[in-house]
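A closer look at the structure
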Amino acid sequence: MLREDGLLAEDSSFQAPHFAPKAKRCIYLFMEGGPSQMDLFDPKPKLNELDGQPMPESLLEGVKFAFTQKESARLLGSPRTFQKYGQCGMDMSDLLPHLSNHADDIALVRSMYCDQFNHLPGQLLMLTGTPFRGWPTLGSWLNYGLGSTSRDLPGYVAMTTLGRGLPGGAASWSSGFLPSNYSGALFRNEGSPVLNLANPDEISPEMQKRTIDAVNELNRQRYGEVANPEIASRIKNYELAYRMQSAAPELIDLSDESAATKEAYGLDRVDKTGFQASYARNCLLARRLVERGTRFVTLFLSTWDQHSKLDSELATNTKISDQPVAALLQDLKDRGLLDETLVVWGGEFGRTPLGENRSGFKTVTGRDHHPYSFSMWMAGGGIKGGQTLGTTDDIGWGVEEDPVHVHDLHATILHLFGFDHEELTYRFQGRDFRLTDVHGKVVQKLLA
Amino acid sequence: MLRFVSSLIFCFSILPLVASDSDHWAFRPIGNPPVPVVKSVGRVASPIDAFVLAKLEAAGWNLSDSAAPQLLLRRLHLDLTGLLPTSEDIHAFENGWKADPKKTYTAKVDELLASPHFGEQWARHWLDIARYGDSDGYLGDTLRLWAWVYRDWVIDSVNQDQPYDQFSIEQLAGDLLPNPSQSQKIATGFHRNNLKNTEAGLDKELARTKQVVDRVATTGNAWLGLTVACAECHDHKHDPISQREFFELYAFFNNTKDSDISIKLAKDWPLPKPAKKKDDKKKDEPVVPKAQTLVSLSEKEFRKTHIHIRGDYSRPGEEVSSATPAVLHEFPEGKRDRLSFANWLFSEENPLTSRVVVNQIWQQLLGSGIVSTPDDFGTHGNPPSHPELLDWLATDFRNSGWSRKKLIRQIVMSSTYQQSSVNRHPDRPNELLWRQNSFRVNAEAVRDIHLVASGLFTPTVGGPSVYPPLPEFVTAVGRSVKWPESKGPNRYRRGLYIFLKRTVMYPMLTTFDAPDTSVSCSRREMTNTPMQALTLLNDPVFFECAETLGRELHATHQDNVEAAIEDVFQRCLNREPFPGEVATLSSAHHDLLQSAKDPELAMIATARVVMNLDEFITRD
């Protein structure tokens, strides 16, 4: 018979936190492609003033671009209007009418920077702490460190709303050199949410149960013969698999959600691609997942890579995501989950204050990749909300105050989960590896 | 569970620096130790056993009894071919065993070593080390429609028992051999398997240097068992390799370029067509088969090699030229190119290469290496459990003319290999090998044995990679999305032949720990997860196997459930069921019959039970 006692409670393979964690779960809203910070979070009146002017040569020295031709590039102002929101007076553009209601919950970091100016290396750096494939993602590290608190769902789930696909594909939720049970599970938000979750058509639930009972009974007999400990794990995993088969469909069945909740997330919004409804659904599912004990959820939204048609495409993206993201924050708050749920919003880098004049472009309507300064925000899970950290220079080229490298962000996130980032290590190839490699400083100002 | 990380920018170690030099065991010359004298003379079927018994007897232990003949047959099939024996194989083996066990066993070993499937199984191990893939791996993940030509070269080489030194030299420097043959050029595809970033707007020189770093790292892992890439950015923290020495190795690989050549194929395969643009009205041109090879730059194209300060190519330091680390044997006078480097690897004085490969092969047959960190023979790796045995094997391997088949034969003929894997002393670790190890078969074999047991298996060896059906939500995550589903018998090919698209890895293989091929991997992880259970229960491929097998059982045995149970045990587990197992499975069948819509489905469900047993996917 299937045992009902908590299997994962017995799982002692994970590490223990080094100190009391503030955050217990994380929802990472990954904005693939590099959202334009000066059109969303970091207003630059001076840039608007200098629209069409060349950039000071001193700033261009040694700088590399993906596509922009340095010599003839001109600064590009933003057509967006900004206002100050919340008690804290946080700047947000007119593209974020919903998020702006949460200014006092979030910590906006305008001084992010990194050292990768191509998508995949940048994304891998943000997700794994290195620009290379083969390394564990943040969600894998946290599950390795803390284990899952879900009895019947995976501890790490990834969901996608994809335009052009993800540059790293499955590397974006891979466990790298950590054991593969720390890998993210790709969920879809409809039908059968996990691969191979549904029984084959011919097999009724009753037959499935009888099958698993027989498998486990025969495995137990075998264990009695050969005492191979892997058999004991196999039995546990068939029990967990069986529970997942009912838990995962329950997860995506939204019939118990109120009409008000669905409306708040914007589940019924209709657009040509279906992305608005899909992303809203993912946001709601993220809440349902963390509610059920999943440790880490990543929602990928692709793509913010606006080399051209920036104004219209940015509006499309914010139309997809602004309302559900704000609703997620509100929903977590209403349910008392936000205190222990860290929400992270951001892409792999930002975009240039220069307009992109790639050869072959007739007009300049977009911005190139920009690793030297960009904006991200975090909320909940021990974050001190209602603050804007860091400043950039007048045209938004470089960071002026409180620079935060990706490694610092990682160190801070691990800190929120109760880990000293220098101590959470995994021995591999005779060395102890960590998420932050040899870098990273906890950003104290971000902590509540 | 250890994979080699090649592209490591900042290696670090939290351990204090250890003074290490040529005194470390792995850098000492390979000895030729005398075979020890042991008490249990009767168990010494090979010198291997004397080395193992010497340690066991010193601990007051002994080898376990030999495994039952049916189990030995299953073990040999799984280890040598990655497939299962048929009922006929089992009957013939049992009959032969009654007459003459040793002769029967020996004949079976020789038969399997000569099987074309042997090359597939052992090529798979090498392809992990060669980080083989069918696409570039980064953003564009451009397909490599001809990568399989190299894969088939590996299978052929293994099947022909090409001496390991030749096998290696051709992969590292086939193009530099005198009048290289087509096959020797194809071999250089080894160093075309690395990831390749072609993202628009990329720093091209950075991408190129990262490929060279990976080639050095992979070479270090495959033939030296060393984590040389740690020295890319600074002197190695614990092994005696300086950053300068890393770039001296790098210099051997810094003057190559990719070259796709037209080739003649030995067999008439249906060839992959390059993707056509929608409006392309041009007629299909005949596809010319190609191979991805590596060649040297001409002298006027030659690059100088500089140390990259902190591993950053844009900060060139001192200029260096090709050389090998001082802690290892001397490099001979004369030319310093890839060919002389490859020859240097196989020089008599090299303390590493022979040990490293013997250890790689040993771990596939015993479940764990004599050095349990096959990718780290350095001071932070684990020391060998049986150092004399490792040296004896390494010397014997060299003396046998680097024959992998002879080495494998030597191991499987030993009593150590043939002993039972039953864990009679659950608290006793098995480092000294008082029993065989049990381990789950690798990802590809999980698929392959399902196909064999069900009768669906297509045994074709080699050819272009295949695309078994996948749900769209899996294929959609990569950017170049095409997954041209294979039809007919190609759907039932071995896991080895599944198109390895790096951004869309075949989920079943990943679930069972197939490496992601980003870097060279000489030891796979071995996890045990609920996703594996879901896959075996519900993956359409595995359900189709259960259906096919169940239908046949039903057609053959009708209402005779016990006969059907006996049959399914033989096909899947290659043994007779115990009475308790018959009782449990009969009772399950009885219940399933109540809820199934017809008796055939009940039999399918019963077959599915057996195909989900831990034992089915375990090599005991």
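Every chain is numbered independently, its residues counted from 1 as its sequence is written. As a convention, the first chain written is A and the first ligand written is 1, with the rest following in written order. Note on the predicted model: pLDDT of at least 70 is required for a residue's local features to be given, and 80 or more for side-chain atom pairs to be given and counted; whole-chain, interface and lining totals, by contrast, use all residues. For side-chain calculations, the full set of non-hydrogen atoms in the structure is used, while hydrogens and water are omitted.

1. Side note on the overall build of chain A
- Only runs of H or I of at least four residues qualify as helices and only runs of E of at least two qualify as strands under DSSP, and these elements are numbered from the N terminus. When its secondary structure is counted, chain A shows ten helices and 17 strands.
- Relative to the 2.2 N^0.38 estimate, which gives 22 Å for 448 residues, the radius of gyration of chain A is 23 Å and therefore close to what a compact globule would have.
- When the backbone C-alpha atoms are referred to their principal axes, chain A occupies close to 80 × 50 × 45 Å.
- Remark: exposure states derive from per-residue accessible area (1.4 Å probe, protein chains only) relative to the maximum for the residue type, with buried under 20%, exposed over 50%, and partly exposed in between. Counting across all 448 residues of chain A, residues that qualify as buried make up 64%.
- The criterion used for residue contact is that any of the two residues' heavy atoms lie within 4.5 Å. Summarising the internal contacts of chain A: among those between residues at least 6 apart in sequence, 78% fall at separations of at least 24. Each radius of gyration reported is based on C-alpha atoms, and the globular scaling rule is 2.2 Å times the count of residues to the power 0.38.

2. Considerations on the overall build of chain B
- Of regular secondary structure, chain B possesses 23 helices and six strands.
- Over its C-alpha trace chain B gives a radius of gyration of 26 Å, about what one expects of a compact globule, namely 25 Å for 620 residues.
- With the C-alpha coordinates aligned to their principal axes, the bounding extent of chain B is approximately 80 × 75 × 45 Å.
- Buried residues in chain B amount to 65% of all 620 residues.

3. Focus: the pairing of strand β5 (residues 156-161) of chain A
All names here are of chain A.
- With five of six residues buried, β5 is to be regarded as a mostly interior element.
- For two strands to count as paired, DSSP must find a minimum of two bridges between them. As paired strands, β5 and strand β7 (residues 296-302) are joined by six bridges and run parallel to one another. Looking across to β7, one finds that Thr161 is bridged to Leu301.
- Bridging between β5 and strand β6 (residues 185-186) involves two bridges; their strand directions are parallel. In the sheet register, Val157 faces β6, and the bridge partner there is Ala185.

4. Overview of the interface of chain B and chain A
- Opposite the 90 residues of chain B that make contact, chain A presents 83 residues.
- In total, chain B and chain A occlude about 7500 Å² of area from one another, counting both sides; carbon and sulfur atoms represent 59% of this.
- Counted as salt bridges are all cases of a side-chain nitrogen of Lys or Arg within 4 Å of a carboxyl oxygen of Asp or Glu. Across the contact surface, chain B and chain A share four salt bridges.
- For Asp614 of chain B, the salt bridge identified is with Arg234 of chain A, shortest N-O distance 2.9 Å.
- We call two N or O atoms a polar contact when they sit within 3.5 Å, provided that within protein one can donate a hydrogen and the other can accept it, with sequence-adjacent residues counted only if both atoms are side-chain atoms. Connecting chain B to chain A are 25 residue pairs in polar contact (both at pLDDT 80 or more).
- Broken down by secondary-structure element, the contributors of at least two residues to the side of chain B that touches chain A are α17 (472-475), α18 (507-511), α19 (530-538), α20 (540-557), α22 (579-595) and α23 (599-611) of chain B.
- Of the residues contributing to the side of chain B that touches chain A, the split by class is 44 nonpolar, 25 polar and 21 charged. Simply put, the buried area is the total loss of 1.4 Å probe accessible area from both parts when two parts are fitted together. Ten residues, namely Ala, Val, Leu, Ile, Met, Phe, Trp, Tyr, Cys and Pro, are considered nonpolar, four, namely Asp, Glu, Lys and Arg, are considered charged, and the remaining ones, Gly among them, are considered polar.

5. A word on the packing of aromatic side chains
- Each Phe, Tyr or Trp ring, with Trp reduced to its six-membered ring, pairs with another whose centre is within 6.5 Å; inter-plane angles below 30 degrees give stacked pairs, above 60 give edge-to-face pairs, and intermediate values give tilted ones. Applying the stated criterion across every chain, the model contains 43 aromatic pairs over all chains.
- Relative to Phe433 of chain A, the ring of Phe177 of chain A has its centre 5.0 Å away and its plane inclined at 50°; by these criteria the two rings are tilted. Placement of the pair is Phe177 of chain A in the loop between β5 and β6 and Phe433 of chain A in strand β17 (residues 431-433), with a sequence separation of 256 residues. You'll find Phe177 of chain A and Phe433 of chain A in the same group, each marked buried.
- Joined through ring pairs, the aromatic side chains of Trp126, Tyr150, Trp153, Tyr164, Phe167, Phe190, Trp223, Phe346, Phe397 and Trp402 of chain B make up one cluster.
- When the NZ atom of lysine or the CZ atom of arginine is within 6 Å of a ring's centre and also within 35 degrees of its normal, the charge is said to sit over that ring. Between Arg404 of chain B and the ring centre of Phe167 of chain B, over which it is positioned, the NZ or CZ distance is 3.9 Å.
- The positively charged end of Arg428 of chain B is found above the aromatic ring belonging to Trp434 of chain B, 5.3 Å away from the centroid.

6. Brief notes about empty space enclosed by the protein
- Points on a 1 Å grid over protein atoms alone make up a cavity when a 1.4 Å probe fits among them but cannot get out, and a pocket when they form an open set with protein on both sides within 12 Å along at least five of seven lines; lining residues each have an atom within 4 Å of a point. Grid points are joined across faces, edges and corners, and a volume is the space filled by probe spheres set on the points. Under the defined criterion, the tally for this structure stands at seven cavities of 30 Å³ or more.
- Estimated volume of the largest cavity: approximately 110 Å³.
- Around the largest cavity, the lining is made up of 15 residues, and of these Glu444, Leu500, Met505, Leu509 and Ala514 of chain B lie nearest the centre.
- In this model, the second largest cavity occupies a volume close to 80 Å³.
- Considering the residues around the second largest cavity, the lining is formed by Leu40, Phe41, Leu96, Leu99, Trp304, Thr318, Ser321, Asp322, Val325, Trp345 and Trp377 of chain A.

7. Description of helix α13 (residues 387-399) of chain B
Residue and element names in this part refer to chain B.
- Expected helix span is taken as 1.5 Å per residue step, with the number of steps being one fewer than the number of residues. In a regular helix each residue adds 1.5 Å, so 13 residues correspond to 18 Å; α13 covers 18 Å between its end C-alpha atoms and thus fits that length.
- Looking only at α13, the buried set comprises Leu389, Leu390, Asp391, Trp392, Leu393, Ala394, Thr395, Phe397 and Arg398.
- Considering only its buried residues, α13 is in contact with α1 (47-58), α7 (164-173), α12 (353-366) and α14 (404-412).

8. Things to note about the environment of Phe187 of chain A
- Within the secondary structure layout, Phe187 of chain A lies in the loop between β6 and α5 (205-226).
- Residue classification places Phe187 of chain A among the buried positions, given a relative accessible area of 2%.
- Taking the C-alpha atoms as reference points, Phe187 of chain A and Ile212 of chain A, separated by 25 residues in sequence, lie 23 Å from one another.
- Non-local contacts of Phe187 of chain A, meaning those with residues more than four positions away in its chain, are made with Leu153, Pro154, Val157, Ala158, Met159, Pro193, Val194, Leu251 and Leu289 of chain A together with Phe473 of chain B.

9. Some remarks on the pattern of salt bridges
Residues and elements named next belong to chain A.
- Following the criterion strictly, the structure yields 63 salt bridges over all chains and no others.
- Between Glu291 and Arg292 there is a salt bridge; the shortest N-O distance is 3.3 Å.
- A relative accessible area of 35% places Glu291 in the partly exposed class.
- Among the ionic contacts, a cluster of salt bridges with common partners joins Glu250, Asp256, Glu257, Arg287, Arg288, Glu291, Arg292, Asp331 and Arg335.

10. Considering the side chain of Arg608 of chain B
- Relative to the helices and strands, Arg608 of chain B is located in helix α23.
- Buried and without a salt bridge, Arg608 of chain B has Glu202 of chain A as its closest oppositely charged side chain, separated by 8.7 Å.
- Sequence-distant contacts of Arg608 of chain B, that is, excluding residues within four places in its chain, are made with Pro200, Ile203, Gln208 and Thr211 of chain A together with Leu537, Asn538, Phe543 and Ala546 of chain B. The sign given to each residue is positive for Lys and Arg and negative for Asp and Glu; His and the chain ends receive no count.

11. What to know about the environment of Glu248 of chain B
Residues and elements named next belong to chain B.
- Within the secondary structure layout, Glu248 lies in helix α10 (residues 243-253).
- Classification of Glu248 by relative accessible area gives buried; the value is 11%.
- Considered as a pair, Glu248 and Glu552 are 304 residues apart in the sequence and their alpha carbons are 62 Å apart.
- Discounting chain neighbours no more than four positions away, the residues touching Glu248 are Val320, Ser321, Ser322 and Ala323.

12. Let's talk about the environment of Glu525 of chain B
Residues and elements named next belong to chain B.
- Examined against the element boundaries, Glu525 turns out to sit in the loop between α18 and α19.
- For Glu525, a relative accessible area of 2% puts it in the buried group.
- In sequence terms Glu525 and Asp235 are 290 residues apart; their C-alpha atoms lie 29 Å from each other.

13. Focus: a negative patch on the surface
- What makes a patch is a set of residues exposed beyond 30% relative accessible area and free of salt bridges, joined within 9 Å when like-charged and within 5 Å when nonpolar (Val, Leu, Ile, Met, Phe, Trp, Tyr). Per-residue and other accessible areas were derived by the Shrake-Rupley procedure at a 1.4 Å probe size, with only the shown protein chains allowed to occlude residues. For this purpose, a charge sits on NZ of Lys, CZ of Arg, CG of Asp or CD of Glu. Taken together, the side chains of Glu330, Glu333, Glu348 and Glu349 of chain B make up a negatively charged region of the molecular surface.
- Here Glu349 of chain B shows up in the loop between α11 (338-345) and α12.

14. A few points about the packing of α5 of chain A against helix α6 (residues 229-252) of chain A
All names here are of chain A.
- Axis lines are fitted through C-alpha atoms, for helices just across the contact stretch, and the angle between N-to-C directions can take any value from 0 to 180 degrees. Look at α5 against α6: their axes get within 9 Å of each other, and the N-to-C directions meet at 170°. Our classification of the angle between α5 and α6 gives roughly antiparallel. Across the interface between the two elements, Gln208, Lys209, Ile212, Val215, Asn216, Asn219, Arg220, Arg222, Tyr223 and Val226 from α5 touch Pro229, Ile231, Ala232, Arg234, Ile235, Tyr238, Glu239, Tyr242 and Gln245 from α6.
- Class assignment of the residues belonging to the contact of α5 with α6 gives a composition of ten nonpolar, four polar and five charged. The labels follow the angle: roughly parallel below 35 degrees, roughly antiparallel above 145, roughly perpendicular from 65 to 115, and oblique for the rest.

15. With respect to the confidence of the model for chain A
- For chain A, the average pLDDT comes to 91, and 96% of its residues sit at 70 or higher.
- Every residue in residues 1-12 of chain A scores below 50 in pLDDT, and together they form 28 contacts with partners more than four places removed in sequence or on other chains. pLDDT measures how confident the predictor is about each residue, on a scale from 0 to 100.

16. Digging into the domain arrangement of chain B
- Residue ranges for the domains originate in an automatic or database domain assignment. Splitting chain B by domain gives domain 1 (139-151 + 187-345) and domain 2 (538-619).
- Between domain 1 of chain B and domain 2 of chain B, the C-alpha centre-to-centre distance is 50 Å.

17. Overview of the side chain of Gln123 of chain A
- By the element assignment, Gln123 of chain A lies in helix α3 (residues 119-128).
- Those residues in contact with Gln123 of chain A that lie beyond four places of it in its chain are Phe30, Glu32, Gly33, Pro167 and Glu348 of chain A.

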